[in-house]
Amino acid sequence: MIVGIGCDVVDHMSGKLLKWETDITILKRLLSSTEIKLFNSYKRNKIRFVAGRFAGKEAVLKCLGTGMQDGISLTEIKIIQTSNGQPSVKLSGEVQKIANLLKINTWHISITHSRSTSIAFAIAENNK
Ligand SMILES: CC(C)(COP(=O)(O)OP(=O)(O)OC[C@H]1O[C@@H](n2cnc3c(N)ncnc32)[C@H](O)[C@@H]1OP(=O)(O)O)[C@@H](O)C(=O)NCCC(=O)NCCS
């Protein structure tokens, strides 16, 4: 059963203005250490990487029906990937607790980029 869906679009210009690529303090607020490792090895446009993950995290929050409330950190939503590049979602902390309350046990996520934006679409599922 589908429990929630969410989508989000992120403009690359905002990332450039906020210096996502070079400001490690900001990067650490957006990305977990696992994602920062992926960011460091990402061969394409780095703003695109961060924008895609940011859009993905916002899409996941929309599935949960919550926004950036107190106690929720974006680093609790990890968008990791398989060896062929397919993204997947891994939660921890408060976000995982909300997902547990909603009985979500499976996540689906897709990310795409244009030259100037990144878009993500997520589906939260209870498949038991
Ligand atoms: C997946 C694929 C169709 C992407 O299409 P595209 O039009 O070039 O690019 P898009 O902007 O629409 O999508 C890119 C996103 O697709 C996702 N993606 C990459 N590989 C994927 C896969 N195998 N399955 C699902 N999603 C994938 C990623 O989230 C990527 O974003 P990222 O670069 O920020 O991680 C293309 O990369 C492809 O054919 N991949 C097949 C696997 C492959 O050859 N991998 C090469 C690396 S080993």
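Analysis parameters
- Residues numbered from 1 in each chain as written.
- Predicted model: local features only at pLDDT ≥ 70, side-chain atom pairs only at ≥ 80, totals over all residues.
- Helix = DSSP H or I, 4+ residues; strand = E, 2+ residues; numbered from the N terminus.
- Contact = placed C-beta atoms within 7 Å.
- Pairing = 2+ DSSP bridges.
- Axes fitted to C-alpha atoms, helices over the stretch in contact; angles between N-to-C directions.
- Near = placed C-beta within 6 Å.
- Nonpolar A, V, L, I, M, F, W, Y, C, P; charged D, E, K, R; others polar.

Q: Explain the environment of Leu-31 to me, and be specific about the residues and the numbers.
A: With respect to the helices, strands and loops of the structure, Leu-31 is situated in the loop between helix H2 (24-30) and helix H3 (33-41). Along the backbone, Leu-31 and Ser-73 are 42 residues apart, and their C-alpha atoms lie at a distance of 9.6 Å. Ignoring any residue separated from it by four or fewer positions in sequence, one finds Leu-31 in contact with Ile-36, Phe-39, Val-50, Arg-53 and Thr-75.

Q: An account of the sheet that holds strand E4 (residues 106-113) is requested, with residue identities and associated values reported.
A: Ordered in space as E1-E5-E4, the three strands form an open sheet in which the pairing is antiparallel. For this open sheet the edge positions go to strand E1 (2-11) and E4, each flanked by a neighbour on one side alone. Averaged over all adjacent pairs, the angle separating strand axes in this sheet is 10 degrees, with direction ignored. Where E4 and strand E5 (residues 117-125) come together, eight bridges link them in antiparallel fashion. Residue pairing for E5: Ile-111 is matched across the bridge by Ala-120. Contacting E1, E4 and E5, helix H4 (residues 46-64) runs over the sheet at an angle of about 150 degrees to E1.

Q: Tell me about the site of the ligand, and name the residues and values.
A: Near the ligand the following residues occur: Phe-49, Gly-52, Asn-84, Gly-85, Gln-86, Pro-87, Ile-111, Thr-112 and His-113. Elements with a minimum of two residues in the shell around the ligand: H4 and E4. In terms of residue class, the shell around the ligand is built from three nonpolar, six polar and no charged.

Q: I'd love a proper account of unusual backbone geometry, names of residues and values included.
A: Positive phi is not limited to glycine here, since Lys-19 has a value of about 55 degrees. Residue position: Lys-19 is located in the loop between helix H1 (12-17) and H2.

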